[in-house]
Amino acid sequence: MSVAVRFAPSPTGLLHVGNVRLALVNWLFARKAGGTFLLRLDDTDEERSKPEYAEGIERDLTWLGLTWDRFARESDRYGRYDEVAAALKASGRLYPCYETPEELNLKRASLVSQGRPPIYDRAALRLSDADRARLESEGRKPHWRFKLEHTPVEWTDLVRGPVHFEGAALSDPVLIREDGRPLYTLTSVVDDADLAITHVIRGEDHVANTAVQIQIFEAVGGAVPVFAHLPLLTDAAGQGLSKRLGSLSVASLREEEGIEPMALASLLAKLGTSDAIEPRLTLDELVAEFDIAKVSRATPKFDPEELLRLNARILHLLPFEQVAGELAALGLADADAVFWEAVRPNLSRVAEARDWWAVTHAPVAPAADDPAFLAEAAALLPEEPWDLSTWGTWTGAVKAKTGRKGKDLFLPLRRALTGRDHGPELKNLLPLIGRTRAQKRLAGETA
Ligand code: GLU
């Protein structure tokens, strides 16, 4: 059977780096195995699901290049969940319960105070038909629990190795709410079974869900997939990432932090694995290096500074074609490969290219603090056309004429030509500035 994985976010918030890492790992797993990647929106929580979050998820995945082969939306499949629920009711695996949330809280608190695990006591299984009729006549509506088998549940997790749960140590999960709406624990299994998912790769916050879901797969007659539970990313201080944590959302990394998609992908593909984090320019390279066996059980930390450093290293390698669209979007539609290669070693974000475009193509107020020297240098400027050899020829002549060398020679020229003390190599900038501007700037004019 060919490999099929899914990424199943709930569209109830922005994707953060932790969520999108799971999307990436699923995608790499699928591509490596020649299988398929399904995007499934777990949107049965109708109060909290929003179309704009669904659009945001699609935009974030598309930006990263994580294209999906199949798409599903749980809210399209209520009929199917009803059908499965009816069958589970008929076979006695789904049973009606009438406790209110307050009653359940009291039961839990009482168990905890006796030092016992807060497992549902199955009181509802002991109700008679008459009890149920009376409760319903009082206006109570049932929610429905899945009756777990009190047997061991075991699987070999691709990250955690052998995992063992005792069915008797788990609470029968609620699968249908009082208003008749199915819950994630059921819908996810029905979808994974119907859509022939072979590998469920998700966060370790779902390990206990997996134990009950394996029994639900068996009850609905679905093939139990292979599971892999990854440790969840934390922030640099070791705190969990929340969905609403704006600064770690994919959208803010893209729109506010100026992060390149391949910087984020290069980091997230390797965080928490035995591979070193290195800049990679294409997802194909990450696919070639991917192996889920490299994922470690230790909690990986996400450090925004590390991402920014990787972003800079990616930019220093990125070919013009891969960045041309971004430059155009910044208003640098005339930028070309020569400009890009001149400035990229000095960038940590693409948007900073705008400053160097202004230095080479717009008036600059020079810092011309050594006018006599600058006048001598200006007089030696070669005729155009200029190329990458012009700087060497020119400064060689200035050195011979003035006897200056090193910093005394180069810094006044840089300050006059660019208005700054630091920047890309002048060998590369000089031809972009051109003779007319260079001459004026050396004379102290804004040009
Ligand atoms: N919607 C669930 C979540 O975002 C999906 C978990 C799963 O992968 O099954 O946590």
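Structure: above.
Bear in mind the structure is a predicted one, so any value in this text is a computation, not a measurement. (Residues numbered from 1 in each chain as written. Predicted model: local features only at pLDDT ≥ 70, side-chain atom pairs only at ≥ 80, totals over all residues. Heavy atoms only, no water.)

Caption draft 1: View of the nonpolar core. The biggest cluster of nonpolar side chains holds 88 residues, and the ones touching the most others in it are Leu264 and Trp394. At 10 residues, helix α1 (residues 17–33) tops the list of elements feeding residues into this core. Leu264 has contacts with Val17, Val20, Trp63, Leu64, Val250, Leu253, Ile259 and Leu307, leaving out every residue within four places of it along the chain. Grouped together as the second largest cluster of nonpolar side chains are 29 residues, Leu38, Tyr81, Val207 and Phe227 included. (Core = buried A, V, L, I, M, F, W, Y, C linked by side-chain atoms within 4.5 Å. Buried < 20%, exposed > 50% of the residue type's maximum accessible area, 1.4 Å probe, protein only. Helix = DSSP H or I, 4+ residues; strand = E, 2+ residues; numbered from the N terminus. Contact = heavy atoms within 4.5 Å.)

Caption draft 2: How the structure looks around the packing of aromatic side chains. This model, assessed by the stated rule, comprises six aromatic pairs. Aromatic rings pair up to connect Trp155, Phe165 and Phe227 into one cluster. Positioned above the aromatic ring of Trp356 is the side chain of Arg420, whose terminal nitrogen or guanidinium carbon lies 4.8 Å from the ring centre. (Phe/Tyr/Trp six-rings, centres within 6.5 Å; stacked < 30°, edge-to-face > 60°. Lys NZ or Arg CZ within 6 Å of the ring centre and 35° of its normal.)

Caption draft 3: The arrangement of the pattern of salt bridges in detail. All chains considered together, the criterion is met by 38 salt bridges. Between Asp172 and Arg122 there is a salt bridge, with its nearest N and O atoms 2.7 Å apart. With Asp172 in the loop between β7 (161–166) and β8 (174–176) and Arg122 in the loop between α4 (101–113) and α5 (129–137), this residue pair connects regions lying 50 residues apart in the sequence. Grouping residues by exposure puts Asp172 and Arg122 together as buried. For Glu289, the salt bridge goes to Lys270, with nearest N and O atoms at 2.8 Å. Here Glu289, found in helix α10 (residues 283–289), pairs with Lys270, found in helix α9 (residues 261–270); they are 19 residues apart in sequence, far enough to count as distant. For Glu289, a relative accessible area of 22% corresponds to the partly exposed category. Salt bridges here are not isolated pairs; linked through shared partners, they connect Arg6, Arg40, Asp42, Glu74, Arg77, Arg80, Glu83, Asp191, Asp192 and Asp194. (Salt bridge = Lys/Arg side-chain N within 4 Å of Asp/Glu carboxyl O.)

Caption draft 4: Structural context of the packing of helix α16 (residues 390–402) against helix α18 (residues 426–433). Where α16 contacts α18, the axes come no closer than 8 Å and their chain directions differ by 100°. It follows that α16 is roughly perpendicular to α18 by the angle criterion. On the side of α16, the interface is formed by Thr390, Trp391 and Trp394, while α18 contributes Leu426, Lys427 and Leu430. Classifying every residue of the contact of α16 with α18 by side-chain character gives four nonpolar, one polar and one charged. (Axes fitted to C-alpha atoms, helices over the stretch in contact; angles between N-to-C directions. Parallel < 35°, antiparallel > 145°, perpendicular 65-115°, else oblique. Nonpolar A, V, L, I, M, F, W, Y, C, P; charged D, E, K, R; others polar.)

Caption draft 5: Geometry of the site of the ligand. Close contacts around the ligand come from Arg6, Ala8, Ser10, Asp42, Tyr184, Ser188, Arg202 and His206, and that covers them all. A distance of 3.2 Å is found between a nitrogen atom of the ligand and a side-chain nitrogen or oxygen belonging to Ser10. When the free accessible area of the ligand is taken as 300 Å², the share hidden by the protein chains comes to 80%. Per-class residue counts for the shell around the ligand are two nonpolar, three polar and three charged. (Near = heavy atom within 4 Å. Polar contact = N/O pair within 3.5 Å; in protein donor to acceptor, adjacent residues only side chain to side chain. Areas by Shrake-Rupley, 256 points an atom, 1.4 Å probe, with all protein chains shown as cover.)

Caption draft 6: Local environment of the sheet that holds β8. Strand order in the open sheet formed by three strands is β4-β5-β8, with antiparallel pairing between adjacent strands. Pairing within the sheet leaves two strands with one partner each, and these edge strands are β4 (94–97) and β8. Within this sheet the neighbouring strands show an average axis-to-axis angle of 45°, counted without direction. Relative to β8, strand β5 (residues 143–146) is paired through two bridges, and the arrangement is antiparallel. Of the residues in β8, the one forming a bridge with Arg145 is Val174. Across the sheet, helix α3 (residues 78–90) is in contact with β4, β5 and β8; its angle to β4 comes to roughly 85°. (Pairing = 2+ DSSP bridges.)

Caption draft 7: Molecular detail of α3. The terminal C-alpha atoms of α3, which comprises 13 residues, lie 18 Å apart, in line with the 18 Å expected from a rise of 1.5 Å per residue. Taken together, the buried positions of α3 are Tyr81, Val84, Ala85 and Leu88. Around the axis of α3, the buried residues are gathered within 100° of arc, so they sit on the same side. Facing away from the buried side of α3 by more than 90 degrees, the exposed set consists of Glu83 and Ala90. The inward-facing, buried residues of α3 abut β4, β5, β8, α6 (184–194) and α7 (207–220). (Expected span 1.5 Å × (residues − 1). Arc of directions from axis to C-beta.)

Caption draft 8: Geometry of the pairing of strand β6 (residues 152–157). Only one face of β6 is buried: it carries Val153, Trp155 and Asp157, and the other face, with Pro152, Glu154 and Thr156, is open. Inspection of the sheet shows β6 paired to β7 by six bridges, in the antiparallel sense. Across the sheet, the residue bridging to Asp157 is Gly161, located in β7. Turn length for the β6-β7 hairpin, with the two strands adjacent in sequence and antiparallel, is three residues.

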